[in-house]
Amino acid sequence: MIMKSHSIKQGMSDASVKYQPYPQINIPDRTWPSKTITKAPIWCSVDLRDGNQSLVDPMGHDRKARMFQLLLDMGFKEIEIGFPSASQTDFDFARWCIEEGNVADDVSLQVLVQCRPELITRTFEALQGANKPIVHFYNSTSELQRRVVFAKDVAGIKQIATDAAKMITDMAAKAGGDFRFEYSPESFTGTELEVALEICNAVTEIVKPTADNKLILNLPSTVEMATPNIYADQIEWMCRNLDNRENLIISLHPHNDRGTGIAATELGLMAGADRVEGTLFGNGERTGNVDVVTLALNMFTQGIDPEIDCSDIERIKQVYEYSNQMIIPERHPYVGELVYTAFSGSHQDAINKGMKAIKVANKPLWEVPYLPIDPRDVGRSYEAIIRINSQSGKGGIAYILQEDYGINLPRNLQVEFREDIQRITDEGGKELPSKAIHARFIERYVDQPGARIKFVDHHTYPVGEHKGVRIVAAEITDNGETKRIEGKGTGPIDGFINALSIYLGIDMSVADYSEHSLQHGSNAAAIAYVEMEHPSGKLFGAGINTNIVGASLEAIVSAANRVLEERG
Ligand SMILES: CC(=O)SCCNC(=O)CCNC(=O)[C@H](O)C(C)(C)COP(=O)(O)OP(=O)(O)OC[C@H]1O[C@@H](n2cnc3c(N)ncnc32)[C@H](O)[C@@H]1OP(=O)(O)O
Ligand SMILES: CC(C)C(=O)C(=O)O
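Residues numbered from 1 in each chain as written. Chains lettered and ligands numbered in written order. Predicted model: local features only at pLDDT ≥ 70, side-chain atom pairs only at ≥ 80, totals over all residues. Heavy atoms only, no water.

**Comments concerning the side chain of Asp 47**
Alright, step 1. Assignment of secondary structure puts Asp 47 in helix H2 (residues 47-51).
Alright, step 2. Not counting the four nearest positions on each side in its chain, Asp 47 is found in contact with Asn 52, Met 59, Met 67, Leu 71, Gly 278, Thr 279 and Leu 280. (Helix = DSSP H or I, 4+ residues; strand = E, 2+ residues; numbered from the N terminus. Contact = heavy atoms within 4.5 Å.)

**Some words on the site of ligand 2**
Alright, step 1. The environment of ligand 2 is made up of Arg 49, Asp 50, Leu 112, His 136, Tyr 138, Ser 184, Glu 186, Asn 218, Pro 220, Thr 222, His 253 and His 255.
Alright, step 2. Take Thr 222: an N or O atom from its side chain is 2.5 Å from an oxygen atom of ligand 2.
Alright, step 3. Relative to its free-state accessible area of 260 Å², ligand 2 is covered by the protein chains to the extent of 94%.
Alright, step 4. At the level of elements, H2, strand E4 (134-140), strand E5 (180-186) and strand E6 (215-221) are the ones that each hand at least two residues to the shell around ligand 2.
Alright, step 5. A per-class count over the shell around ligand 2 returns 3 nonpolar, 6 polar and 3 charged. (Near = heavy atom within 4 Å. Polar contact = N/O pair within 3.5 Å; in protein donor to acceptor, adjacent residues only side chain to side chain. Areas by Shrake-Rupley, 256 points an atom, 1.4 Å probe, with all protein chains shown as cover. Nonpolar A, V, L, I, M, F, W, Y, C, P; charged D, E, K, R; others polar.)

**Re the sheet that holds strand E13 (residues 526-534)**
Alright, step 1. Read across the sheet, 3 strands follow the order E12-E13-E14 without closing on themselves; strand pairing throughout is antiparallel. For this open sheet the edge positions go to strand E12 (509-517) and strand E14 (537-545), each flanked by a neighbour on one side alone. Across the sheet, the mean angle from the axis of one strand to that of its neighbour is 15°, orientation sign disregarded.
Alright, step 2. In terms of strand pairing, E12 meets E13 through 8 bridges, oriented antiparallel. Paired with Ser 509 across the strands is Glu 533, a residue of E13. (Pairing = 2+ DSSP bridges. Axes fitted to C-alpha atoms, helices over the stretch in contact; angles between N-to-C directions.)

**Some thoughts on the state of the cysteines**
Covalent bonding between the sulfur atoms of two cysteines defines a disulfide.
Alright, step 1. One pass over the full model with this rule turns up 0 disulfides.
Alright, step 2. Take Cys 115: it sits in no disulfide, and the sulfur closest to it among the cysteines is that of Cys 200, at 11 Å.
Alright, step 3. Classification of Cys 115 as buried rests on a relative accessible area of 12%.
Alright, step 4. Residue Cys 200 stays outside any disulfide, its sulfur separated by 11 Å from that of Cys 239, the closest cysteine. (Disulfide = S-S within 2.5 Å. Buried < 20%, exposed > 50% of the residue type's maximum accessible area, 1.4 Å probe, protein only.)

**Here we look at helix H17 (residues 492-504)**
Alright, step 1. Taking 1.5 Å as the rise per residue, H17 with 13 residues should run 18 Å; its terminal C-alpha atoms sit 18 Å apart, in good agreement.
Alright, step 2. All of the buried residues along H17 are Gly 495, Phe 496, Ile 497, Ala 499, Leu 500, Ser 501 and Leu 504.
Alright, step 3. The first or second residue beyond H17 is Gly 505, which carries a positive phi of 75°. (Expected span 1.5 Å × (residues − 1).)

**What about the UniProt feature "binding site: Mg(2+)" (unreviewed entry) in the protein chain?**
Alright, step 1. Under the local residue numbering, the UniProt record ascribes the feature "binding site: Mg(2+)" (unreviewed entry) to Asp 50, His 253, His 255 and Asn 289. The greatest C-alpha distance among the residues just named is 10.3 Å, despite their covering 240 residues of sequence, which places them together in space.
Alright, step 2. Here Asp 50 is to be found in helix H2.
Alright, step 3. Beyond its immediate stretch of four places on either side in the chain, Asp 50 contacts His 253, His 255, Gly 284, Glu 285 and Asn 289.
Alright, step 4. Of note, His 253 is situated in strand E7 (residues 248-254).
Alright, step 5. A relative accessible area of 5% means that His 253 is categorised as buried.
Alright, step 6. Setting aside residues no more than four positions away along its own chain, His 253 makes contact with Val 46, Arg 49, Asp 50, Asn 218, Leu 219, Pro 220, Ser 221, Thr 222, Tyr 231, Glu 277 and Asn 289.
Alright, step 7. There is a polar contact of 2.7 Å between the side chain of His 253 and the side chain of Glu 277. (UniProt positions renumbered as here; feature names shortened; annotations may be inferred.)

**Observations concerning the pairing of E13**
Alright, step 1. Of all 9 residues making up E13, 8 are buried, and the element is well covered by its neighbours.
Alright, step 2. In the sheet, E13 pairs with E14 via 9 bridges, with the strands oriented antiparallel. Residue pairing in the sheet places His 534 in a bridge with Gly 537 of E14.
Alright, step 3. The hairpin formed by E13 and E14 contains 2 residues between the paired strands.

**Brief notes about the nonpolar core**
Alright, step 1. Core analysis: the biggest nonpolar cluster contains 129 residues, and Trp 43, Ile 81, Ile 235, Met 238, Leu 280 and Phe 441 have the highest contact counts within it.
Alright, step 2. Per-element tally for this core: the top contributor is helix H8 (residues 193-207), with 8 residues.
Alright, step 3. Once residues lying within four places of it in the same chain are set aside, the contact partners of Trp 43 are Phe 76, Glu 78, Val 276, Val 292, Leu 295, Ala 296, Met 299, Pro 306, Glu 307 and Ile 308.
Alright, step 4. In terms of nonpolar packing, the next biggest core, distinct from the first, is built from 26 residues, Phe 496, Leu 504, Val 530 and Leu 539 among them. (Core = buried A, V, L, I, M, F, W, Y, C linked by side-chain atoms within 4.5 Å.)

**With respect to the site of ligand 1**
Alright, step 1. Taken together, the neighbourhood of ligand 1 is formed by 16 residues, with Gln 53, Cys 115, Arg 116, Tyr 138 and Phe 150 sitting nearest.
Alright, step 2. Interatomic distance of 2.7 Å between a side-chain N/O atom of Gln 53 and an oxygen atom of ligand 1.
Alright, step 3. Contact distances for ligand 1 include 3.1 Å between a nitrogen atom and a backbone N or O atom of Cys 115.
Alright, step 4. Out of a free accessible area of 1,000 Å², ligand 1 has 55% covered by protein chains.
Alright, step 5. When contributions to the shell around ligand 1 are tallied by element, the ones reaching two or more residues are H2, strand E3 (108-114) and E4.
Alright, step 6. Residue composition of the shell around ligand 1, grouped by class: 8 nonpolar, 4 polar and 4 charged.

**Comments concerning the packing of aromatic side chains**
Alright, step 1. On inspection of all chains with the given rule, the structure shows 10 aromatic pairs.
Alright, step 2. Look at Phe 93 and Trp 96: their rings are 5.6 Å apart centre to centre, the planes differ by 25°, and that puts the pair in the stacked class. Here Phe 93 pairs with Trp 96, and both are found in helix H4 (residues 88-100), just 3 residues apart, close to one helical turn.
Alright, step 3. Seen in terms of ring centroids, Phe 137 and Tyr 183 are 5.2 Å apart; in terms of plane orientation they differ by 45°. Their pairing is tilted. Remark: Tyr 183 occurs in strand E5 and Phe 137 occurs in strand E4; sequence separation between them is 46 residues.
Alright, step 4. Its relative accessible area of 0% is what places Tyr 183 among the buried residues.
Alright, step 5. The cationic tip of Arg 66 hangs over the ring face of Tyr 322; the distance from NZ or CZ to the ring centre is 4.3 Å.
Alright, step 6. One cation-aromatic arrangement involves Arg 122 over Phe 91; the distance from NZ or CZ to the ring centre is 3.7 Å. (Phe/Tyr/Trp six-rings, centres within 6.5 Å; stacked < 30°, edge-to-face > 60°. Lys NZ or Arg CZ within 6 Å of the ring centre and 35° of its normal.)

So this is what it looks like as structure tokens:
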């Protein structure tokens, strides 16, 4: 019998009939692939307009004002504050920004308007008294929208743009202020390049930009329709062919329909664009606008000053969540709850070693495997870098004990303790927090509740004629009963082991020993680790005491208790 294989595509249409590939751009001598981004673009936040217009519940005054203040604090010099002719809320907010927004002289407020006379008139009312405002006008130019939305040919669509350009420049001249202008051939990525060029050139001719007042030509990827290289080709082609290029600011306004908005923007900048419109963490229509925080931090990690301040990413996140009433996912670049966290063993091991190497090198260059940015640069701490679950390894556990508690486990003890933690995480199926790992370490190696032997005190004294050999007389408790034991050795550790071996009737010796002071914690205590060899293997004990010899002898008792436990 022939078995039919199942495919998850069963319910989907025939793609080759329903969709068509985006055509290539004919620009064989393209230069952008060998360019790099060397400086920050002019940033324009469109959170309060494109972001706001895509929300389930658009922002009221408080949510807008809080977002506006954040954008000013982050250093945005151009902020699209709304679409004042669309609603009274947007109109009133524009008035509030102008009258009460405490906007610095180097910041331009920007507003959006369709190319419609009544809306343009209302927009100018909203802008009275604004300092260097940007009037951003747009109309859709794509082949599809010309056909199905406007039922107009190219000439008709160009007329909409040029009529608006004329009206806007006339009104600005009459108003006498220092207006700036931006034009967007909306749905640019669905517009034939020759058509976009013709319409943009016609608008430029009317606006007559100068070196002192450049026209912003915004070439939006209103809908992201192709791979990012196509957008870059389109931008390079426009930059090469536009009239009066020197008096134009070429702006990108990417959306993220294919999930490649960041890449498209970066390639668009390499292709010659000067400016980027986007939103914090990418809120916006459908899959969102391009995320300016990610763009800025991508630049930062390439050694470029992004010129917007992302050093308090938690505040940016909080305002984003309050104003947009949306939650940022855990994996969102640079800000997500989990983006600086490794659970898996090999990542933890490499991070642990990288962090140590950085401390040793004591140089500013950041080089930590798996962490493209120092979390502290965005105001995040190192606390969450390594978290422990069943996927974790010894390096991660060692890192947590070192970072959080100043406990620097010897390598073999890391291996031993990891097995214990692995058993717990496998059984629980859950993350084990740092506190629980520390508590387990103390319980197993230091406090040992219910253990048979406890160390109380010791004395040493020389053995008459034997130079270098000393007697160790110690007091211990065995199941709560006080006992005095005695042994010989070259020092207290040696002698105490000898005493315990005789008392317990088990042949024990020290295979490895180390100690260090505990930097964390209220008392200046020391921790000692003893790897104890016994007839059926090796295992570790640890002791913590303000006295280093005390810590060592407690570590021996700890190891002896574990030997007893193993023997049952
Ligand atoms: C890609 C973008 O993000 S563009 C920005 C989109 N943002 C928004 O739409 C948010 C704010 N918008 C609004 O509140 C409303 O749409 C308003 C107030 C602007 C207009 O409202 P209305 O006139 O009631 O409705 P609507 O938007 O449906 O109007 C569409 C009409 O304007 C025309 N139109 C649409 N865009 C433009 C434009 N840029 N320039 C000129 N005319 C336009 C349409 O062809 C249509 O004409 P028709 O009435 O002859 O068919
Ligand atoms: C108005 C324009 C720039 C826009 O929002 C878009 O194309 O997405």
